[in-house]
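The primary structure of each chain is shown beneath.
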Amino acid sequence: MRVRYFAWVRERIGRAEEDVSPPVDVVTAGDLVKWLKARDEQSDYAFERPEVIRIAIDQMHVQPTTPIAGAREIAFFPPMTGG
Amino acid sequence: MRVRYFAWVRERIGRAEEDVSPPVDVVTAGDLVKWLKARDEQSDYAFERPEVIRIAIDQMHVQPTTPIAGAREIAFFPPMTGG
Amino acid sequence: MVVRLQPHDFDISAEIDQLVAGRTDIGAVVTFAGLVRDMAKGAPILDMTLEHYPGMCEAELERIEAEARSRWELQGSLILHRYGRLTPGERIVLVVTLSPHRHAAFEAAEFLMDYLKTRAPFWKKETAADGTGHWVDAREIDDAAMARWG
Amino acid sequence: MVVRLQPHDFDISAEIDQLVAGRTDIGAVVTFAGLVRDMAKGAPILDMTLEHYPGMCEAELERIEAEARSRWELQGSLILHRYGRLTPGERIVLVVTLSPHRHAAFEAAEFLMDYLKTRAPFWKKETAADGTGHWVDAREIDDAAMARWG
């Protein structure tokens, strides 16, 4: 599954996107955050406050409790500041 | 004192402005409406519903109870419909 | 803070540009433009003539603008109103507000329009399809809109 | 109903003209333009870079616009947002709403801006006077502004 990062999440992780293959016990978007966070130092820094991270699955806003099964693209980013 | 009329008040009276010299017992703007209304048929028609007539003294909105002493210009017109 | 009455049309971008004029401290620009609609009370109209009270109109619009300035943090504003004959689709009025904050700009623009509608001495006469002229009635909804500003 | 993302500037009059395009049934046109301010949290900024999520941005803005259409009687609307590097005084975003009634046009424009601020995937990074970059923090006031629409 394709994972994308934006703004300071992207900067902290050090890349804009990647393909990941999480284990089967990663069921929800929130599980994926925890799994990514545990990978390495940059990811731990990017997700240091998981509660502020916003998540989109296939370009729709979702909650951390949303299951990721079937998702093609999951994005992680800070609260938005457009307008 | 100069009196001015606008919109359908002007059309009904048949002139845009005139100089009038009301008697001393015409104290308020409302008194002036009554005095003008009593003059002739056109004025009676223009002021047939005095309660809808708006009044300005020296280009400021006033109430019928406002005294007219010292006024240079008094205007009568229907409720406004700009914008 | 600008008030202008004129018979001719205006360009919204040009009016904004003049107000902003090289400033870099403005965060929000709200504009309202009112247009002549082709129907009145369900019947088509050919045109509309706007009568106004010269002198008082400018004075009243300036009072309305001063009131808006005292209520909201405005960095500039414009009230531009046309008079004379206008046909459907033409612009009648433009209000522009500039503020550091969008909510203030929105509220002030709506306030200016609500006050203008009920206090600025303008009167509209519409020409119906049969050529007869009809003075537009003041709408109670406009009084209600103004009343909510307290 | 139009959504557009672009790096280059826009002309407000031209955008309005395209939406109105010869129609004579429109009564009210409201526009909101957001500009880059020269100060952030009391300190001057040199420029700002807008990052966005291509694809989701357009989709989200279209969802926001559809929501506005379902709530108000709109005859047309535009959401135009720039991305890339912008300097103080430059336009960032334009919202336009067309309606027979001014109150609907005002409310819908403010709604579009409130929703856009909190739901459209854009992020601003400002460059301070010393050349360092700082991501703009989301403001709680924007969440509160959106919450009032229920």
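Residues numbered from 1 in each chain as written. Chains lettered and ligands numbered in written order. Predicted model: local features only at pLDDT ≥ 70, side-chain atom pairs only at ≥ 80, totals over all residues. Heavy atoms only, no water.

Draft legend 1. Molecular detail of the packing of helix α3 (residues 102-119) of chain C against helix α3 (residues 102-119) of chain D. Following both chains from N to C, one finds α3(C) and α3(D) inclined at 180°, their axes separated by 11 Å at the closest point. Classified by the angle their axes make, α3(C) and α3(D) are roughly antiparallel. Between α3(C), through C:R102, C:H103, C:F106, C:A109, C:E110, C:M113, C:D114 and C:K117, and α3(D), the contact on the second element is made entirely by D:R102, D:H103, D:F106, D:A109, D:E110, D:M113, D:D114 and D:K117. Among the residues making up the contact of α3(C) with α3(D), the classes are represented as six nonpolar, two polar and eight charged. (Axes fitted to C-alpha atoms, helices over the stretch in contact; angles between N-to-C directions. Helix = DSSP H or I, 4+ residues; strand = E, 2+ residues; numbered from the N terminus. Parallel < 35°, antiparallel > 145°, perpendicular 65-115°, else oblique. Contact = heavy atoms within 4.5 Å. Nonpolar A, V, L, I, M, F, W, Y, C, P; charged D, E, K, R; others polar.)

Draft legend 2. Just the sheet that holds strand β4 (residues 60-62) of chain B, in detail. Residue and element names in this part refer to chain B. Strand order in the open sheet formed by five strands is β2-β1-β5-β3-β4, and the pairing between neighbours is mixed. Each end of this open sheet is capped by a strand with a single partner; those strands are β2 (17-19) and β4. Direction aside, neighbouring strands of the sheet carry axes that sit 25° apart on average. As paired elements, strand β1 (residues 2-5) and strand β5 (residues 73-77) share four bridges and run parallel to each other. Note that in β5 the partner of R4 across the bridge is A75. Most of the contacts of helix α2 (residues 29-37) go to β5, to which it runs at about 70°, and overall it touches β1, β3 (54-57) and β5. (Pairing = 2+ DSSP bridges.)

Draft legend 3. Quick peek at the relation of the copies chain C and chain D. Of the transformation superimposing chain C on chain D, the axial component is 0.0 Å and the angular component is 180°, with the fit at an RMSD of 0.0 Å. In the structure described here, the two chain copies are related by an operation that fits a two-fold rotation axis. The overlap is high: 100% of the interface residues of chain C also sit at the interface in chain D, so the same surface is used on both sides. (Least-squares fit on C-alpha atoms with pLDDT ≥ 70 in both.)

Draft legend 4. Here's a closer look at the interface of chain D and chain A. Counting residues at the interface gives 26 residues for chain D, matched by 20 residues for chain A. Counting each side, the surface lost to burial between chain D and chain A is near 1,900 Å², with a carbon and sulfur contribution of 55%. For the interface between chain D and chain A, the tally reads two salt bridges. Of the charged contacts, one joins D:E51 and A:R10 as a salt bridge, the two residues approaching to 2.4 Å between their closest N and O atoms. (Buried area = accessible area lost by both parts, 1.4 Å probe. Salt bridge = Lys/Arg side-chain N within 4 Å of Asp/Glu carboxyl O.)

Draft legend 5. Summary view of the nonpolar core. Grouped together as the largest cluster of nonpolar side chains are 70 residues, with contacts concentrated most on C:L61 and D:L61. Every residue in contact with C:L61, bar those within four places of it in the chain, is listed here: C:V3, C:L5, C:I79, C:L116, C:A120 and C:F122. (Core = buried A, V, L, I, M, F, W, Y, C linked by side-chain atoms within 4.5 Å. Buried < 20%, exposed > 50% of the residue type's maximum accessible area, 1.4 Å probe, protein only.)

Draft legend 6. Structural view of the confidence of the model for chain C. In this model, chain C carries an average pLDDT of 96, and 100% of its residues clear a pLDDT of 70 or more. Model confidence for the complex is summarised by a pTM of 0.96, with the ipTM given as 0.96. (pLDDT = per-residue confidence, 0-100.)

Draft legend 7. Structural view of the pattern of salt bridges. This model, assessed by the stated rule, comprises 55 salt bridges over all chains. A salt bridge links A:R4 to A:E73, with the nearest nitrogen and oxygen atoms 3.4 Å apart. Note that A:R4 is positioned in strand β1 (residues 2-5) and A:E73 in strand β5 (residues 73-77), a separation of 69 residues in sequence. Residue A:R4 shares its accessibility class with A:E73, and that shared class is buried. In this structure, A:E48 and A:R12 form a salt bridge, with 3.2 Å as the shortest nitrogen-oxygen distance. Taken together, the residues A:E48 in the loop between α3 (41-46) and β3 (54-57) and A:R12 in helix α1 (residues 7-13) connect sequence positions 36 residues apart. Counted as one network, the salt bridges with shared partners bring together C:R102, D:E110, D:D114, D:R139, D:D142 and D:R148.

Draft legend 8. Spotlight on the sheet that holds strand β5 (residues 76-82) of chain C. Pairing in this open sheet of eight strands is mixed, and the strands run β1(C)-β5(C)-β7(C)-β2(C)-β2(D)-β7(D)-β5(D)-β1(D) from one edge to the other. On the outer flanks of this sheet lie β1 (2-6) of chain C together with β1 (2-6) of chain D, each paired with one strand and no other. Each strand of the sheet is rotated relative to its neighbour by a mean of 10°, with strand direction disregarded. With five bridges joining them, β1(C) and β5(C) adopt parallel strand pairing.

Draft legend 9. Representation of the packing of aromatic side chains in the model. For the coordinates displayed, the defined rule picks out 24 aromatic pairs over all chains. Here the aromatic rings of B:F77 and C:W123 are separated by 5.1 Å at their centres, their planes lie at 55°, and the arrangement is tilted. Separated into two different chains, B:F77 in strand β5 and C:W123 in strand β8 (residues 122-128) make up a pair that spans both. For the pair formed by B:F77 and C:W123, the shared burial category is buried. Measuring from ring centre to ring centre gives 5.4 Å for C:F32 and D:F106, while their planes differ by 15°; the resulting arrangement is stacked. A residue pair is termed interchain when its members come from two chains, as with C:F32 in strand β2 (residues 28-35) and D:F106 in helix α3. In this structure C:F32 comes out as buried when scored by relative accessible area, which is 2%. Three or more aromatic residues joined by ring pairs form one cluster here, namely A:F6, A:F77, D:Y53 and D:W123. (Phe/Tyr/Trp six-rings, centres within 6.5 Å; stacked < 30°, edge-to-face > 60°.)

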